[in-house]
Amino acid sequence: MKKTALIAALMIASSLTGVAAAQTAASAPAAATAQSAQARADALVKQMTLDEKLQLIHGYFPPLAKPVPPIAMIPSAGHIPGIPRLGIPTLRESDASLGVANQVEQRKGDVATALPASIATAATFNPKLAYEGGAMIGAEARAKTFNILLAGGVNLTRDPWNGRNFEYLGEDPLLAGTMVGEHIKGVQSNHIVSTIKHFALNSQETGRNVLDARIDKAALRESDLLAFQLGIEIGQPASVMCAYNKVNGDYACENDWLLNTVLKQDWAYKGWVMSDWGAVHSTEKAAIKGLDQDSGQELDDQMFFDTKFADAVKAGRIPMSRLDDMVRRIVFGVIDSGLMDQAVPDSAQPIDYAAHALVAQKAAEEGIVLLKNDGNLLPLAKTAKTIVLIGAHADVGVLSGGGSSQVRSVGGAPVEIPLTKGAAASFARITWHASSPLKAIQALAPNAKVTYIDGSDPKAAAAAAQGADMAIVFAWAWRTEAQDPESMALPDNQDALIDAVAGANRKTLVVVEAGGPVLMPWVSRVPAILQAWYPGQRGGEAIANILFGDVDPSGRLPITFPVGVDQAPRPEPMGLAELHAAEARRDAGDKTVYGMSGGVASFPVDYPEGADVGYRWYAAKNAKPLFPFGYGLTYTSFHYANLKVADGTKLSVSFDVTNSGQRAGADVPQLYVEAKSAAGTKAYRLAGFEKVWLKPGETRQVSLTVDPRVIARFDEAKSGWALDAGNYKLRIGHFAGDAALTGSARLDAVALKP
Ligand code: GLC
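Note that this is a predicted model, so its numbers are computed, not measured. Throughout, residues of each chain are indexed from 1 in the direction in which the sequence is written. Local features in a predicted model are, by the rule used here, given only for residues with pLDDT of at least 70; side-chain atom pairs are given and counted only at 80 or more, and totals for whole chains, interfaces and linings are based on all residues. With hydrogens and water excluded, all non-hydrogen atoms of the structure serve as input to the side-chain values.

Undergrad: Give a detailed account of the overall build of the protein chain, specifying residues and quantitative values.
TA: Within the protein chain one finds 20 helices and 31 strands. For a compact globule the rule gives 2.2 Å times the number of residues to the power 0.38, and the radius of gyration it is set against comes from C-alpha atoms. For 754 residues, the compact-globule estimate of 2.2 N^0.38 gives 27 Å, and the protein chain sits close to it at 25 Å. If one aligns the C-alpha atoms of the protein chain with their principal axes, the spans along those axes are about 80 × 60 × 55 Å. Exposure classes here rest on a 1.4 Å probe applied to the protein chains alone. A residue is buried below 20% of its type maximum, exposed above 50%, and partly exposed in between. By residue count, 64% of the 754 residues in the protein chain fall in the buried class. Any two residues whose heavy atoms approach within 4.5 Å are treated as being in contact. Taking contacts inside the protein chain between residues at least 6 apart in sequence as the whole, the part at least 24 apart equals 77%. Note on conventions: DSSP H or I runs of at least 4 residues are helices, E runs of at least 2 residues are strands, and numbering of each starts at the N terminus.

Encoded structure:
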């Protein structure tokens, strides 16, 4: 499907269909809800005709679908007609993890509350906020008559340059799995369906539709799959979205080991596997290898789960028992999430956007990471007389990440720059949310002279900064789905801008609006740095509150910031040469360059680091990163003492945290335990964390109990977790590599199911 046609289709769709047609789903009789979801699903499948079963296993992509007769569909991600006579609702799917998405404003004027980037929520190290954010966006999805939110992105951020890092929850499986599980639980607390995605190892965007991600299976279990496993246990997502890429030779959406062995057998997953959009490549193979539903079918090279599927069932190439299992899983998910018994309203409901904005603001405030604060430049006194803001459209808004997760936030987009090339061009624009740092700072410092200059001319910016009580450079780096950046350096000559301003004013703060790490060649020349990520609906207010100390910075890095790309496992995306060659052929008029693959043939991406992702990689390489995982400063200081270890069959620790500074604040003490991976490498792994708020001088005892799988190795031969008996060194630290307290634990051997 030519992507350019997509945008035209999106525009047409937005004029064709209005509000969703009546959603008819009789509310189930009270008695029926008492049965188990499994029993209810079984009973319903038994009542279905073949056609009814077949209609549930593939979904329309509204911008392109041309059903006959026409169906009223919301211009959005997906639509699967329901079965009214059985009370099975029509499934209306929207993206995604940051709010109810509205890419390229396909629904004119439809706004929603924009959460900060998922990586910012991860940086809060506060699972409660992940839940609250999920609950809020799930409520907006339901109010807008969607009943599936394609949320729960949790791929580990293996590469610092990955275009979608902003949509994910960092490099550590315990942190990512915990945060995504709470996020999903929040979404589904609205009795709608959430997904968890993209299953699995979708770790770069370049060539995502064709690349073959290759990794040792046990290493995958100990890393990306552990994040999914924890997320599924905590969040109970009704659906798992399989990824575009291949894993060890087979496409993820027809991968027997991933879908049938790991997910459905080992983890006993009862929900359904939906494909990513355009990620299906077969009929029989996909069905037999574990795919339950083809999403966005018009984006596939063929309609594999439409008449082709019906023919395969009638010919016996796909057993009816497999079709029944597919449908049962879908119906189970609809029942188990509560959607079956609490149908989504037929028409849009009111939304308290003011209250929802505060949810987004809190996540942004707790996710902002103070990376540097020499001379306690921050917090800035409200008596400051002159404050100069520079760059990144800080007068009108804050940056957001691009792609299917794009929310059109309340207040619209003050700045929106279309792309002229690349795989994302048809569905992404460089978009700012209408939350002005300038206005927010002016509101908190009404007596100060607060000005803005756009930063396009470093000399002019330096002159404006001269003599100000503070010069704040807002640095920006846009990231998007479907494309990886060709560099991790700040674009548009921003490094020179920062150097010029810092050279003109010693009191310079850099606020970085980015979806992950960026290169900071100026780091030694700038006294203060705030990582604000993509701060969402009220990002300007969040930045201002941290700036003046109305809120204490408490974010910690969920992803390592390398000094340079040569420290990372892969300095750049794999497959760039293949991509550029295909683009050149297309530009030369080659008509074979089409479809989701963009004319790129499959290429391998090897992950030799295995389970040693992120901080474990840098430690193994003795590479000192620019800023480590778990790192973040506050306006006070925290001290740890009195470590106690309880060991034997289960490891738990307790220790005291004291606010040894003069201001209230929040800390995130982290427990790291040294353990051996299946590959035989020893590394300290995050095994526990807790966020604590303390007044000056206050002490709190923190107790952490370790999930043995987090420090075990996966024994692929025995297909289970093995925690070997022995002595385990452990640390309590402020970040990965920090050993504020040290100890050890003697643990018994434990074998656990996969
Ligand atoms: C996209 C994304 C996925 C999204 C889906 C529907 O290509 O990979 O995260 O939910 O399609 O838009």
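Undergrad: Lay out the environment of Thr49 with the relevant residues and their values.
TA: Along the polypeptide, Thr49 turns up in the loop between α3 (37-47) and α4 (50-56). Look at Thr49 and you get partly exposed, because its relative accessible area is 38%. Residues Thr49 and Gly411, 362 residues apart in the sequence, show an inter-C-alpha distance of 47 Å.

Undergrad: Describe the packing of helix α16 (residues 458-465) against helix α17 (residues 494-504), naming the residues involved and giving the relevant values.
TA: Close contact between α16 and α17 brings their axes to 8 Å; oriented N to C, the two are set at 30°. If you check the angle between α16 and α17, you find them roughly parallel. Judged by the twist between their axes, the crossing of α16 over α17 is right-handed. Residues Pro458, Ala461, Ala462 and Ala465 of α16 form the contact with α17, whose participating residues are Ala496, Leu497, Ala500, Val501 and Ala504. In the contact of α16 with α17, the residues fall into nine nonpolar, no polar and no charged. Note on definitions: angles span 0 to 180 degrees between N-to-C directions of axes, and those axes are lines fitted to C-alpha atoms, for helices only across the stretch in contact. Roughly parallel covers angles under 35 degrees, roughly antiparallel covers those over 145, roughly perpendicular covers 65 to 115, and oblique covers all other angles. Take the far helix as the reference: if the near one is turned anticlockwise from it by less than a right angle, the crossing is left-handed, and if turned clockwise, right-handed. Nonpolar residues are Ala, Val, Leu, Ile, Met, Phe, Trp, Tyr, Cys and Pro. Charged residues are Asp, Glu, Lys and Arg, and all others, Gly as well, are polar.

Undergrad: Hey, could you go over the packing of aromatic side chains for me, with residue numbers and the actual values?
TA: Between rings of Phe, Tyr and Trp, where Trp is taken as its six-membered ring, a pair exists when centres lie within 6.5 Å; planes separated by under 30 degrees are stacked, by over 60 edge-to-face, and by other angles tilted. Scanning the entire structure with this criterion turns up 14 aromatic pairs. Among the aromatic residues, those joined into a ring-pair cluster are Phe125, Tyr615, Phe629, Tyr672 and Phe689.

Undergrad: Tell me about the site of the ligand, residues and numbers included.
TA: For this description, a residue counts as near a given molecule or strand if any of its non-hydrogen atoms is within 4 Å of it. Taken together, the residues surrounding the ligand are Asp95, Leu150, Arg164, Lys197, His198, Arg208, Met241, Tyr244, Asp276, Trp277, Ser404 and Glu481. Two N or O atoms form a polar contact when they lie within 3.5 Å of each other; inside protein one atom must be a possible hydrogen donor and the other a possible acceptor, and for residues adjacent in sequence the pair counts only when both atoms belong to side chains. Take Asp95: an N or O atom from its side chain is 2.5 Å from an oxygen atom of the ligand. Between the ligand and Asp276 there is a distance of 2.7 Å, counted from an oxygen atom to a side-chain nitrogen or oxygen. A 1.4 Å probe and the Shrake-Rupley method give the accessible areas. Residues count as covered only by the protein chains that appear here. Bound to the protein, the ligand loses 93% of the 310 Å² it would expose on its own. Tallied by class, the residues present in the shell around the ligand amount to four nonpolar, two polar and six charged.

Undergrad: Any chance you could break down the state of the cysteines for me, citing the residues and the numbers?
TA: Only a pair of cysteine sulfur atoms within 2.5 Å counts as a disulfide in this structure description. Scanning the model with the defined rule gives one disulfide in all. Across a sulfur-sulfur distance of 2.2 Å, Cys242 and Cys253 are joined as a disulfide pair. Because the sign of the S-S torsion sets the handedness, a value of about 110° for the bond joining Cys242 and Cys253 places this disulfide among the right-handed ones. In this pair, Cys242 sits in strand β6 (residues 239-242) while Cys253 sits in the loop between β8 (250-251) and α10 (256-266), placing the two residues 11 residues apart along the sequence.

Undergrad: An account of the nonpolar core is requested, with residue identities and associated values reported.
TA: To define a nonpolar core, start from buried Ala, Val, Leu, Ile, Met, Phe, Trp, Tyr and Cys residues and group those joined through side-chain atoms within 4.5 Å. Counting residues in each nonpolar core, the largest one holds 236 residues, and the members touching the most others are Phe199, Phe305, Phe309, Ile387, Ile472, Met520 and Ile711. In this structure Phe199 touches Leu225, Phe228, Val240, Met241, Cys242, Ala243, Ala252, Leu258, Leu259, Leu263 and Trp267, once residues within four positions along its chain are discounted.

Undergrad: An account of the sheet that holds strand β21 (residues 652-659) is requested, with residue identities and associated values reported.
TA: Taken in spatial order, the three strands line up as β20-β21-β26 in an open sheet, and their pairing is antiparallel. Because the sheet does not close on itself, it has two edges, and the strands there are β20 (638-646) and β26 (699-705). Strand-to-strand twist in this sheet, taken as the mean axis angle between neighbours without regard to direction, amounts to 20°. Being paired, for any two strands, means DSSP has found at least two bridges between them. Where β20 meets β21, seven bridges bridge the pair, whose relative direction is antiparallel. Bridged to Phe638 within β21 is Asn659.

Undergrad: Please provide a residue-by-residue account of the domain arrangement of the protein chain, values included.
TA: Note: domain ranges come from an automatic or database domain assignment. Annotation of the protein chain at the domain level lists domain 1 (3-104 + 112-336), domain 2 (356-559) and domain 3 (635-752). A C-alpha centroid distance of 34 Å is found between domain 1 and domain 3. Contacts between the two partners involve 18 residues from domain 1 and, on the opposite side, 19 residues from domain 3. Throughout, buried area stands for the accessible area (probe radius 1.4 Å) lost by two parts on being put together, summed over both. Of all residues in domain 1, Phe125, Leu174 and Glu222 give up the largest surface area on contact with domain 3, accounting jointly for 39% of the area buried on that side. A carboxyl oxygen of Asp or Glu within 4 Å of a side-chain nitrogen of Lys or Arg is what we treat as a salt bridge. Where domain 1 packs against domain 3, one counts two salt bridges. Across the salt bridge formed by Glu716 and Arg221, the nearest N and O atoms sit 3.7 Å from each other. The interface formed by domain 1 and domain 3 includes five residue pairs in polar contact (both at pLDDT 80 or more). Partitioning the side of domain 1 that touches domain 3 into residue classes produces eight nonpolar, four polar and six charged.

Undergrad: Any chance you could break down the environment of Leu694 for me, citing the residues and the numbers?
TA: Secondary-structure assignment places Leu694 in strand β25 (residues 692-694). Separated by 178 residues in the primary sequence, Leu694 and Gly516 place their C-alpha atoms 29 Å from one another. Residue contacts for Leu694: discarding those within four places in its chain leaves Phe638, Val657, Thr658, Asn659, Ala664, Gly665, Thr699 and Arg700.

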